[in-house]
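Structure assessment
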Amino acid sequence: MDFDLAPEYEKLIATVREFGEQHFTCEAVRQWQHDAGLPDEVVRDFVNLDFNGFGVIHRRDHVTYDTMAQTLVLEELARVSGAALPFPNDFLNLQIMEEFAGSGQFEFVRTGYQTEGRLAFALAISEPEGGSDTMSMRTSARTIDGRLVLNGTKTFVNNGEYAPYLLVAAIDRDASTGKHPALSFWLVPHDLPGIKVYPVQKIGQSILPFSTVVFENVRLDEPYRLHGKQAGFPQLFHLFEIGRLFSCATALGLAQAAMEDAVAYARTRTAFGTQIANFQQIEQMLTDMEVKLDNMRNSVCKNAWKLDRGCGDRLGVALMKRYVPEAATEVASDAMQIFGGRGYTRNERVSSIWQDCRGFQMAEGTDQIMVYVAAPLIMEKYA
Ligand SMILES: Cc1cc2nc3c(=O)[nH]c(=O)nc-3n(C[C@H](O)[C@H](O)[C@H](O)COP(=O)(O)OP(=O)(O)OC[C@H]3O[C@@H](n4cnc5c(N)ncnc54)[C@H](O)[C@@H]3O)c2cc1C
């Protein structure tokens, strides 16, 4: 067993770190949080990075992505910026599209992303009436009076206001229901009649704009339908596991950034004539934060490693997603505490890191849903 990262992975992280240190100054990140997005040149420079042959944004040998490489890149991007960025969603959304699209279908999406760093579509899955229970989705495509129409409402659609296309998950009411409802995906132009978009006002992850999108008798054409592998909800749930890994990698990077800020502050701040780092209660907080970071990293790396080898297990992913975002929020919260009153202001990024981490306790499946997934598997494991 070898716990060290391979030198090529270390080189990959160094490349991303250099890119991040060049672009992600505190002032720039604050501006992007205000603007709710990254500038064109930043995303373009990112996709033009030399990823040392790893399948980060290109499928290596046209076979698959390198999940470990993607995970390390996302963790480092979060660490160096101290903010939730669009890249985890871009990576996942592209994989969802590629998994469900037919070969060569919507090639312009992939090439557009790989050259410009902008994904041409926003992914629309969650609904206001239910996010955890994905299979109860109400958005549907069906033929009425000889016309194929889309109806329903989606929410938490990242970039829904700005992307030229929407990739919509809908129940196919024309298809017969098997063990699961018939899932279909449609890449629809954003400007079709019957589509209305409303911004969602979140309390964190401000660089990522989210919207609620309403589809009212939107006329669909067959060419909009993704016609690749059609394994329905189980196929989507497998991809959610990759999304959970990316969320955890980001939460880990954010917590690491909070830790680094807290240590730097504890070294310089004095009270009662000494550095606050000398107080036992501060030492204890830093120690517990480091324990959590260590556990988070072990879990994230183990799950990435297993997913790459085709032996990813649902229990491992659920345990990771149950643990990492909450632990990251706790690390960020302790970092705020170490900053004292300053930690509760917008002047210190630990406050926005805490808000960003908190969102991951809901995104990609809530803490409670992870228990719902894990508990029966634990019962099975110890049967
Ligand atoms: C920061 C952020 C980013 C997001 N990004 C995306 C995105 O990119 N794409 C997207 O589609 N969605 C996204 N979402 C939406 C997210 O996936 C949903 O909010 C989440 O799945 C929960 O669904 P819900 O909000 O409908 O809550 P509900 O499902 O209504 O749950 C409400 C409460 O009930 C609990 N609960 C539900 N079922 C059970 C159960 N079986 N056992 C125990 N407790 C249960 C939940 O844990 C929660 O506490 C994002 C959300 C946030 C906050």
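Residues numbered from 1 in each chain as written. Predicted model: local features only at pLDDT ≥ 70, side-chain atom pairs only at ≥ 80, totals over all residues.

**A word on the environment of Asp367**
- Locating Asp367 in the fold gives a position in helix α11 (residues 367–381).
- With 41 residues separating them in the primary sequence, Asp367 and Glu326 have C-alpha atoms 7.9 Å apart.
- When residues no more than four places from it in sequence are discounted, the contact partners of Asp367 are Arg322, Glu326 and Gln361. (Helix = DSSP H or I, 4+ residues; strand = E, 2+ residues; numbered from the N terminus. Contact = placed C-beta atoms within 7 Å.)

**Observations regarding the packing of helix α4 (residues 67–81) against helix α7 (residues 232–268)**
- Taken N-terminus to C-terminus, the directions of α4 and α7 make an angle of 35°; their axes are 7 Å apart at the nearest point. Viewed along their axes, α4 and α7 form a crossing whose handedness is right-handed. Two secondary-structure elements touch here, α4 through Thr67, Thr71, Leu74, Glu75, Glu76, Leu77, Ala78 and Arg79 and α7 through Ile242, Leu245, Phe246, Ala249, Thr250, Leu252, Gly253, Leu254, Gln256 and Ala257.
- The residue makeup of the contact of α4 with α7, split by class, is 10 nonpolar, five polar and three charged. (Axes fitted to C-alpha atoms, helices over the stretch in contact; angles between N-to-C directions. Left-handed = near helix turned anticlockwise from the far one by under 90°. Nonpolar A, V, L, I, M, F, W, Y, C, P; charged D, E, K, R; others polar.)

**Overview of the site of the ligand**
- Surrounding the ligand, one finds 17 residues, the nearest of these being Ser126, Gly131, Ser132, Gly359 and Gln368.
- At the level of elements, β3 (147–158) and α11 are the ones that each hand at least two residues to the shell around the ligand.
- Broken down by element, the residue count for the shell around the ligand peaks at three residues, all from α11.
- Looking at the shell around the ligand, its residues break down into six nonpolar, 11 polar and no charged.
- Among the domains, domain 2 (121–224) and domain 3 (232–381) are the pair contributing at least three residues each to the shell around the ligand. (Near = placed C-beta within 6 Å. Domains from an automatic or database assignment.)

**Quick look at the domain arrangement of the protein**
- Considered domain by domain, the protein is made up of domain 1 (7–116), domain 2 (121–224) and domain 3 (232–381).
- Relative placement of domain 1 and domain 3: their C-alpha centres are 21 Å apart.
- Contacts between the two partners involve 21 residues from domain 1, matched on the other side by 23 residues from domain 3.
- Contributing elements (two or more residues each) for the side of domain 1 that touches domain 3: α2 (26–35), α4 and α5 (87–100).
- Ranked by the residues each element gives to the side of domain 1 that touches domain 3, the list is headed by α4, at nine residues.
- Here the residues of the side of domain 1 that touches domain 3 sort into 11 nonpolar, five polar and five charged.

**Describing helix α1 (residues 7–23)**
- Over its 17 residues, α1 extends 24 Å from the first C-alpha to the last, a length consistent with the 24 Å expected when each residue adds 1.5 Å.
- Leu12, Val16 and Gly20 are the residues of α1 that are buried. The buried residues of α1 occupy an angular sector of 70° when the element is viewed end-on, so they sit on one face. Facing away from the buried side of α1 by more than 90 degrees, the exposed set consists of Pro7, Glu10, Ala14, Glu18, Glu21 and Gln22.
- Buried residues in α1 make contact with α4. (Expected span 1.5 Å × (residues − 1). Buried ≥ 20, exposed ≤ 12 C-beta atoms within 10 Å, placed from the backbone. Arc of directions from axis to C-beta.)

**Let's talk about the packing of helix α9 (residues 314–338) against α11**
- Their axes nearest at 9 Å, the elements α9 and α11 cross at an angle of 140°. On the basis of the axis angle, α9 is oblique to α11. For the pair α9 and α11, the crossing hand works out as left-handed. Contacts between α9 and α11 involve Arg314, Leu315, Ala318, Leu319, Lys321, Arg322 and Glu326 on the former and, on the latter, Asp367, Met370, Val371, Val373, Ala374, Leu377, Ile378 and Lys381.
- Of the residues assigned to the contact of α9 with α11, the class counts are nine nonpolar, no polar and six charged. (Parallel < 35°, antiparallel > 145°, perpendicular 65-115°, else oblique.)

**Here we look at the pairing of strand β1 (residues 121–124)**
- Covered by surrounding structure in β1 are Phe121 and Leu123 together with Ala122 and Ala124, the residues of both alternating faces.
- For β1 and strand β4 (residues 165–172), the ladder comprises four bridges, and the chain directions are parallel. Of the residues in β4, the one forming a bridge with Ala122 is Leu166. (Pairing = 2+ DSSP bridges.)

**Examining the nonpolar core**
- Ala255, Ala258, Ala328 and Ala332 are the most contacted members of the largest nonpolar core, which has 111 residues in total.
- With 16 residues, the top contributor of residues to this core is α7.
- Ignoring sequence-local partners within four residues, the contact set of Ala255 consists of Leu293, Met296, Ala328, Val331, Ala332 and Cys357. (Core = buried A, V, L, I, M, F, W, Y, C linked by C-beta atoms within 7 Å.)

**Focus on the environment of Asn158**
- Tracing the chain through its elements places Asn158 in strand β3.
- Along the chain, Asn158 and Phe121 lie 37 residues apart, while their C-alpha atoms are 9.4 Å from each other.

**Concerning unusual backbone geometry**
- Non-glycine residue Ala36 carries a positive phi angle of around 55°.
- By the element assignment, Ala36 lies in the loop between α2 and α3 (40–47).
- A tally of 17 C-beta atoms within 10 Å means that Ala36 is categorised as partly exposed.

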